[in-house]
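Here is what each chain is made of, one letter per residue.
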Amino acid sequence: MNSNHEICIGMAGSGRAAELHMNALQRYTGVPVCYKHIIGRRFEKVNTYKERYGFLNASLDFDDLLNDPEIDVIDICTPPYVHEEMIYKTLAAGKHVICEKPLSGYFGLEGDQEPIGLKVSKTKMYEELMKSIDRLKEAIDKSDKMFMYAENFVYAPAVNKAAEIIRKKKSKILYAKGEESLKGSSSPVAGEWNKTGGGTFIRTGAHPLTAILWLKHIESETRGEKITVDSVFADMGQITTGLTPYEHRHIAAQPYDVEDCATVIITFSDQSRATVIATDTLLGGSKNYVELYCNDAVIQCKLTLSDMMETYFLDEDRLDDVYISEMLPAKTGWNKPFLEDEIIRGYTDEMRDFMEAVYFNRKPRAGFHLAYDTTKIIYAAYKSAELGVAVKP
């Protein structure tokens, strides 16, 4: 790309993911970036984001991004069920793709019984998903445009420091553990499989899962070994549906046909193990970490809740626009505020990597291979949870 050229971004979506991406971009002043056009489903939301972030245009039609010759890259921050269609269209329009996680999922086929999360076999879902993402891989391989996978855990400073240590020491990860848990999702469609492709595991468990897969890849590269996933064993279910309305009052999860808790055990070809936990039953903010037990080190990566600051408030007077923590219903009492949230959780380095990848025509750290592997393991876990046995992905 011409070094004098601005990167023009088209943003698809006006929800929380778009907000995180834009907050991160506004902290980054490396290569020149133009916020050209944002689209969404509701005028009031896209216009709010247009004003907040300085987009030149706003509308409700995805085709407006595709048909704008100045837009270089489209950032897809929409619900997962439209990701694939948007990826294909973006590539066909000759533009680079940023895709928020998860890459894709199974959202139902003609003839499926409803609700699909309860009625459709997870084995069928796994098989159909693999066909779908194999076709997507073929399209991306044929394209001369970049696919960038927006998985912020891979860019979190703590996870990157872990990768640096593994590279320097040539450490062997014997056991890894990761978790993202919170009290549920703010998305109105989070409980519906046909919109999200699953529940808490694909929505939040995807983060620590991808980080662990990436770190095992770093280990594999560093040590000159080929390490793959041998098997996946999962336990999943619905817990919060058994609560009375009063007992449920602090939990945001409303799982219709998806899981609200998941524990997944991964066995790698080198016989190392990993456990990934995701629940919608955690009050007090969100809990995000990755822990590595190595042959010569223990590495604990804590993204949130951090220990950098603590606050105690008796009331919330004049704190309306003060961000303390994600998914925190009250600011009173003791809390551990999220400081430099976009940096600590990796969003700033993620968007920096993507903008530089486009600008300097180089590969991003998180590309399609990582998105493909994560999605495959997620659906192998769904298959395992239904069958009650370990499955080979």
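Preceding this section is the structure that the text describes.
What you are looking at is a predicted structure, and each value in this text was computed from that prediction instead of being measured.

What about the sheet that holds strand β2 (residues 33-39)?
A sheet is described by the order of its strands in space; here six strands give the open sequence β3-β2-β1-β4-β5-β6, paired in parallel fashion. A single partner strand is all that each edge strand has here, and the edge strands are β3 (57-59) and β6 (147-150). For this sheet, the mean angle separating the axes of adjacent strands, direction not counted, is 20°. Pairing geometry for strand β4 (residues 73-76) and strand β5 (residues 96-100), over four bridges, is parallel. Bridge pairing in β5 places Ile76 opposite Cys99. In the packing of helix α4 (residues 83-92) onto the sheet, the strands contacted are β1 (7-12), β4, β5 and β6, and the crossing angle to β5 comes to about 165°.

Thoughts on a negative patch on the surface
A cluster of acidic side chains, namely Asp315, Glu316, Asp317, Asp320 and Asp321, defines a negative patch on the protein surface. Here Asp315 lies in the loop between β13 (311-313) and β14 (333-335). With a relative accessible area of 38%, Asp315 lands in the partly exposed category.

Quick notes on the packing of aromatic side chains
Counted by the stated rule, this structure contains 13 aromatic pairs. Aromatic pair Tyr49 and Tyr53: ring centres 5.6 Å apart, planes at 85°, arrangement edge-to-face. Residue Tyr49 and its partner Tyr53 are both found in helix α2 (residues 43-53); the two are separated by four residues, about one turn of the helix. Here the aromatic residues Trp193, Phe201, Tyr379 and Tyr382 are joined through ring pairs into a cluster of three or more. Taking the ring centre of Trp193 as reference, the NZ or CZ of Lys122 above it sits at 4.9 Å. Over the face of the ring belonging to Phe268 we find Lys216, whose NZ or CZ atom lies 5.1 Å from the ring centre.

Thresholds applied
- Residues numbered from 1 in each chain as written.
- Predicted model: local features only at pLDDT ≥ 70, side-chain atom pairs only at ≥ 80, totals over all residues.
- Heavy atoms only, no water.
- Pairing = 2+ DSSP bridges.
- Helix = DSSP H or I, 4+ residues; strand = E, 2+ residues; numbered from the N terminus.
- Axes fitted to C-alpha atoms, helices over the stretch in contact; angles between N-to-C directions.
- Contact = heavy atoms within 4.5 Å.
- Patch = residues over 30% accessible without salt bridge, like charges linked within 9 Å, V, L, I, M, F, W, Y side chains within 5 Å.
- Areas by Shrake-Rupley, 256 points an atom, 1.4 Å probe, with all protein chains shown as cover.
- Salt bridge = Lys/Arg side-chain N within 4 Å of Asp/Glu carboxyl O.
- Lys, Arg positive; Asp, Glu negative; His and termini not counted.
- Charge placed at Lys NZ, Arg CZ, Asp CG, Glu CD.
- Buried < 20%, exposed > 50% of the residue type's maximum accessible area, 1.4 Å probe, protein only.
- Phe/Tyr/Trp six-rings, centres within 6.5 Å; stacked < 30°, edge-to-face > 60°.
- Lys NZ or Arg CZ within 6 Å of the ring centre and 35° of its normal.

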